[in-house]
Amino acid sequence: MAAKKVTVVISQGQGKNPVQRQLEEEIAAALIMQPDVDVSLVPHLYDMSGDHTGLLFLRSVPGNLVVLSWLYPRAARWTLARQGVCGHEGVTLLKSEDEDDEELETESDETQEARGIGSRDVPNRKLYFLDLRGHATAEPYLDEIRRIADEQSVQTIDLMQWISGKPKAEQLERYLHPERLLSTGAANGNGNGQESSPTNGNGQSDVPEPVKRRWYPVIDYSRCTNCMECIDFCLFGVYGVDSLDTILVEQQDNCKKGCPACSRVCPENAIMFPGHKTPAIAGADGEIAGLKIDLSKLFGAPDGLAAAVAERDVELVADGRDAVGMTVGIPKRQSTKPPQQRDELDDLMDSLDNVVL
């Protein structure tokens, strides 16, 4: 039955952190009672394979979509885009608790797409991405979802057939804690403690498919200029090109776990590893290796290119291959790129250089 609702998807954390699970459950329980919202839980966006039922569900949503995840919004957007869940990024008014009250300067969708090669065949809908790490309580997320729902009138298909009015206690328990059903088998009445998959009214399993932690690069095509420096630098066959000679992640399982080297050499900071501990590499706004003033250099730390080469050599040696250092795939760094406009920080650094001299 068709209903004018906004679809909200909560992407669960990778581990079993009780604080994270409690926040997810509080948001889901509150949204179930909202008549203008359809809510679903899926595993971590980054860990789902292309044929996972969670992604099949996400691809089936035709209208606007609100996604809550433990990822930076940019990483969440392009992780879904590579799996065919696309749309124009909707504007959210939700700020994290540690974000300044001052208005931040952000680039519009149009500005970013003009800068990079952009995506092809983007459907005429909006995707809203909310970072679950921004607040410790559910209410800020619920307020923002209500605001979006009030503004949007979305024609969606009600895929959660058991939600009709107030859900029963056992339905809510099954929805929020499917893993408990696997631990005892008692929910299915088998009484023998064996694992069995409970089903909904359609005969489909309500227990989510297992996922494992993954590691692969995600390309932000609003920044990517198709310069091919990543494919030249990576020696593990991760990258390829499509029929239109556009760069893509072709063999993601070839990527070496924990190695973010290609993200450091990308001149546009268009390559993300959502699982990395460094915010800029994980998808936060900002540059990865090209900070205007890299204070780490004052203490002898390697710059981004040197760090990338070292990381690549470690993985080559681990594969039984020879380290290549700076002899293979070193980016040209876009020598024709116009220099950035000088500012007070440049003058300060020049003054420090003069003092040293």
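Above this text is the structure in question.
Figured I'd write up the structure that's included with this text. Every value quoted in this text rests on a predicted model; they were computed, and no experiment measured them.

1. Quick look at the nonpolar core
Grouped together as the largest cluster of nonpolar side chains are 28 residues, with contacts concentrated most on Ile219, Val238, Tyr239, Ile247, Ile271 and Phe273. Breaking this core down by element, the ones donating at least two residues are α3 (73-81), β8 (218-219), β10 (247-249) and β11 (271-272). Ignoring any residue separated from it by four or fewer positions in sequence, one finds Tyr239 in contact with Pro217, Ile219, Cys230, Ile231, Cys234, Ile247, Leu248, Val249, Glu250, Cys262 and Ile271.

2. Re unusual backbone geometry
In this structure, Met228 is a non-glycine residue whose phi angle is positive, near 70°. Checked against the element boundaries, Met228 lands in the loop between β8 and α8 (229-233). Positive phi values are uncommon outside glycine, yet Asp245 reaches one of about 60°. Within the secondary structure, Asp245 sits in the loop between β9 (239-241) and β10.

3. Remarks on the sheet that holds strand β3 (residues 37-42)
Here we have five strands laid out as an open sheet, ordered β3-β2-β4-β6-β5, and parallel in their pairing. Two strands bound the open sheet, and with one partner strand each, they are β3 and β5 (88-89). Inspection of the sheet shows strand β2 (residues 6-11) paired to β3 by six bridges, in the parallel sense. Looking across to β3, one finds that Val9 is bridged to Ser40. Sheet strands in contact with helix α2 (residues 53-60) are β2, β3 and β4 (65-69), and its direction is about 155° off that of β2.

4. Side note on the packing of helix α1 (residues 18-32) against helix α5 (residues 139-151)
The geometry of α1 relative to α5 is characterised by a closest axis approach of 10 Å and an angle of 35° between their N-to-C directions. When you trace α1 past α5, the crossing you get is right-handed. Where α1 abuts α5, its residues Leu23, Ile27, Ala30 and Leu31 lie against Tyr141, Leu142 and Ile145.

5. Things to note about the pattern of salt bridges
Summed over the entire model, instances satisfying the criterion amount to 13 salt bridges. The structure contains a network of salt bridges with shared partners spanning Arg74, Asp220, Arg223 and Asp285.

6. Some details on the pairing of β4
Strand residues, when the strand is regular, have side chains that alternate between the two faces of the sheet. Counting buried residues along β4, five of its five residues qualify, which places the element largely inside the surrounding structure. Along β4, one buried face is formed by Leu65, Val67 and Ser69 and the opposite face, lined by Val66 and Leu68, is buried too. Of the pairings in the sheet, the one linking β2 to β4 comprises four bridges and is parallel in character. Bridge assignment links Thr7 to a residue of β4, and that residue is Leu65. In this structure, β4 lies alongside strand β6 (residues 126-131), joined through five bridges in parallel fashion.

7. Regarding the pairing of β3
Judged by how many residues are buried, β3 sits mostly within the fold: five of six residues are covered. Assessed by its sense of winding, the connection that carries the chain from β2 through α1 to β3 is right-handed.

8. Brief notes about the environment of Arg74
For Arg74, the position within the fold is in helix α3. In sequence terms Arg74 and Asp220 are 146 residues apart; their C-alpha atoms lie 7.8 Å from each other. Every residue in contact with Arg74, bar those within four places of it in the chain, is listed here: Asp220, Arg223, Asn269, Met272, Ala280, Gly283, Ala284 and Asp285. At a separation of 3.4 Å, a polar atom in the side chain of Arg74 contacts the main-chain carbonyl oxygen of Gly283.

9. A short note on the packing of aromatic side chains
Counted according to the given criterion, the structure contains three aromatic pairs. In this structure, Arg133 packs its charged tip against the face of Tyr72, placed 4.1 Å from the ring centre. For Arg312, the ring lying beneath its charged end belongs to Phe233, and the centroid distance is 4.1 Å.

10. Comments concerning α5
Between its first and last C-alpha atoms α5 spans 18 Å; for 13 residues at 1.5 Å apiece the expected length is 18 Å, and the two agree. Of the residues making up α5, those classed as buried are Tyr141, Leu142, Glu144, Ile145, Arg147, Ile148 and Ala149.

Rules of the game
Residues numbered from 1 in each chain as written. Predicted model: local features only at pLDDT ≥ 70, side-chain atom pairs only at ≥ 80, totals over all residues. Heavy atoms only, no water. Core = buried A, V, L, I, M, F, W, Y, C linked by side-chain atoms within 4.5 Å. Buried < 20%, exposed > 50% of the residue type's maximum accessible area, 1.4 Å probe, protein only. Helix = DSSP H or I, 4+ residues; strand = E, 2+ residues; numbered from the N terminus. Contact = heavy atoms within 4.5 Å. Pairing = 2+ DSSP bridges. Axes fitted to C-alpha atoms, helices over the stretch in contact; angles between N-to-C directions. Left-handed = near helix turned anticlockwise from the far one by under 90°. Salt bridge = Lys/Arg side-chain N within 4 Å of Asp/Glu carboxyl O. Right-handed = clockwise from strand over helix to strand, strands pointing away. Polar contact = N/O pair within 3.5 Å; in protein donor to acceptor, adjacent residues only side chain to side chain. Phe/Tyr/Trp six-rings, centres within 6.5 Å; stacked < 30°, edge-to-face > 60°. Lys NZ or Arg CZ within 6 Å of the ring centre and 35° of its normal. Expected span 1.5 Å × (residues − 1).

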